[in-house]
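# Structural features, examined
Here are the chains, one letter per residue:
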Amino acid sequence: MIAFNSAKLANGGFTLNADLSVLGGTCTAVIGASGAGKSTLLMALAGFVPVARGSIHVAEKRIDDLPPADRPVSILFQDHNLFGHLTVRDNVALGLRPNLSLSTKDRERVDEALAQVDLHDLADRRPAALSGGQQQRVALARTLLRDRPVLLLDEPFAALGPGLRLEMLALVARLTEERALTTLMVTHNPEDAARICPQAIVVTNGHAVPPQPTQTLLADPPEDLARYLGRTTPQ
Ligand SMILES: Nc1ncnc2c1ncn2[C@@H]1O[C@H](COP(=O)(O)OP(=O)(O)OP(=O)(O)O)[C@@H](O)[C@H]1O
């Protein structure tokens, strides 16, 4: 479980207030207009945006005073930063050992992560010989190897076609359940949010609003969310 306690997040000159908690073991969407502060919320959890007031707890433990590397968090971005000269297996192994010096046990864990994202048959290929969706799965396997209980996804599948996007969403939903992860997913696509996230946080007017049921929110959105979703009728 994640809790932002009367937190004021200071991203340069931009401030976001968050006083909310997120259920563990499930996927929660983060939605709102461009520039509203969705990435700011995720980056504060990961330790790249400072908390000027209040605190952040994960599973009852205060984390906002920890350096990024010590936080129970891993992040997947849209730009997955794979290394072109390394095989799929080595790109994944980097999540575990940055110097690629692997023990037998490490190798087993890498193979396990590859199997979880159905990439074991492609482990010896280089990223250029993979589709966009397969590349994103390599990045996801590397993220999973970090074995952190909180998974942050910042518009990870925006560049993928509809079929691959649905495939990746299903994979995230499955891994969230299997590993009892607390997943926060920033998305501009309400259908993606509704598909795998029972609850959604709306970021608007300098505030992250506590999670509400996604279906209800999208069926009857407040005015500014309706405007963002393009559902307002012109006057
Ligand atoms: N380093 C920074 N210094 C000052 N302002 C920043 C910095 N980074 C982001 N901002 C501002 O903070 C606000 C929130 O940015 P953020 O990236 O969190 O929004 P977002 O909701 O994720 O947007 P998008 O959907 O476009 O990715 C924006 O107005 C942005 O211009």
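Note that this is a predicted model, so its numbers are computed, not measured.

Here is what the cut-offs are and how they apply
- Residues numbered from 1 in each chain as written.
- Predicted model: local features only at pLDDT ≥ 70, side-chain atom pairs only at ≥ 80, totals over all residues.
- Heavy atoms only, no water.
- Near = heavy atom within 4 Å.
- Polar contact = N/O pair within 3.5 Å; in protein donor to acceptor, adjacent residues only side chain to side chain.
- Areas by Shrake-Rupley, 256 points an atom, 1.4 Å probe, with all protein chains shown as cover.
- Helix = DSSP H or I, 4+ residues; strand = E, 2+ residues; numbered from the N terminus.
- Salt bridge = Lys/Arg side-chain N within 4 Å of Asp/Glu carboxyl O.
- Buried < 20%, exposed > 50% of the residue type's maximum accessible area, 1.4 Å probe, protein only.
- Domains from an automatic or database assignment.
- Contact = heavy atoms within 4.5 Å.
- Buried area = accessible area lost by both parts, 1.4 Å probe.

### Remarks on the site of the ligand
- Around the ligand, the surrounding shell holds 14 residues, and the nearest of these are Ser34, Gly35, Lys38, Thr40 and His188.
- Asn11 places a polar side-chain atom, nitrogen or oxygen, 3.4 Å from a nitrogen atom of the ligand.
- Between the ligand and the protein, one listed contact pairs an oxygen atom with a side-chain N or O atom of His188 at 2.9 Å.
- Burial of the ligand by the protein chains amounts to 58% of its free accessible area of 640 Å².
- Sort the elements by how many residues they give to the shell around the ligand and helix H1 (residues 38–46) lands first, with 3 residues.

### Side note on the pattern of salt bridges
- One pass over the structure, following the stated rule, counts 9 salt bridges.
- Of the charged contacts in the structure, one is a salt bridge between Asp124 and Arg89, with a shortest N-O distance of 2.8 Å. You can see Asp124 sitting in the loop between helix H3 (104–116) and helix H4 (132–145) and its partner Arg89 sitting in helix H2 (residues 88–93), a full 35 residues away along the chain.
- Across the pair Asp106 and Arg97 runs a salt bridge whose closest N-O atoms are separated by 2.9 Å.
- Classification of Asp106 by relative accessible area gives buried; the value is 6%.
- The class for Arg97 is partly exposed, based on a relative accessible area of 33%.
- Taken together, the shared-partner salt bridges in this structure form one network comprising Arg89, Asp111 and Asp124.

### Brief notes about the domain arrangement of the chain
- In terms of domains, the chain is made up of domain 1 (1–59 + 150–167 + 181–196 + 204–235) and domain 2 (82–148).
- Here the C-alpha centroids of domain 1 and domain 2 sit 28 Å apart.
- Of the residues lining the interface, 8 residues belong to domain 1; the matching set on domain 2 comes to 7 residues.
- Between domain 1 and domain 2, the buried area comes to about 580 Å², and carbon and sulfur atoms account for 67% of it.
- Counting the surface domain 1 buries against domain 2, the share from its top three residues, Leu151, Leu160 and Leu164, is 45%.
- Joining domain 1 to domain 2, the criterion identifies 1 salt bridge.
- Residues Arg137 and Glu167 are paired through a salt bridge, measuring 3.6 Å at the closest nitrogen-oxygen approach.
- The interface formed by domain 1 and domain 2 includes 2 residue pairs in polar contact (both at pLDDT 80 or more).
- Those elements that place two or more of their residues in the side of domain 1 that touches domain 2 are strand E7 (150–154) and helix H5 (162–178).

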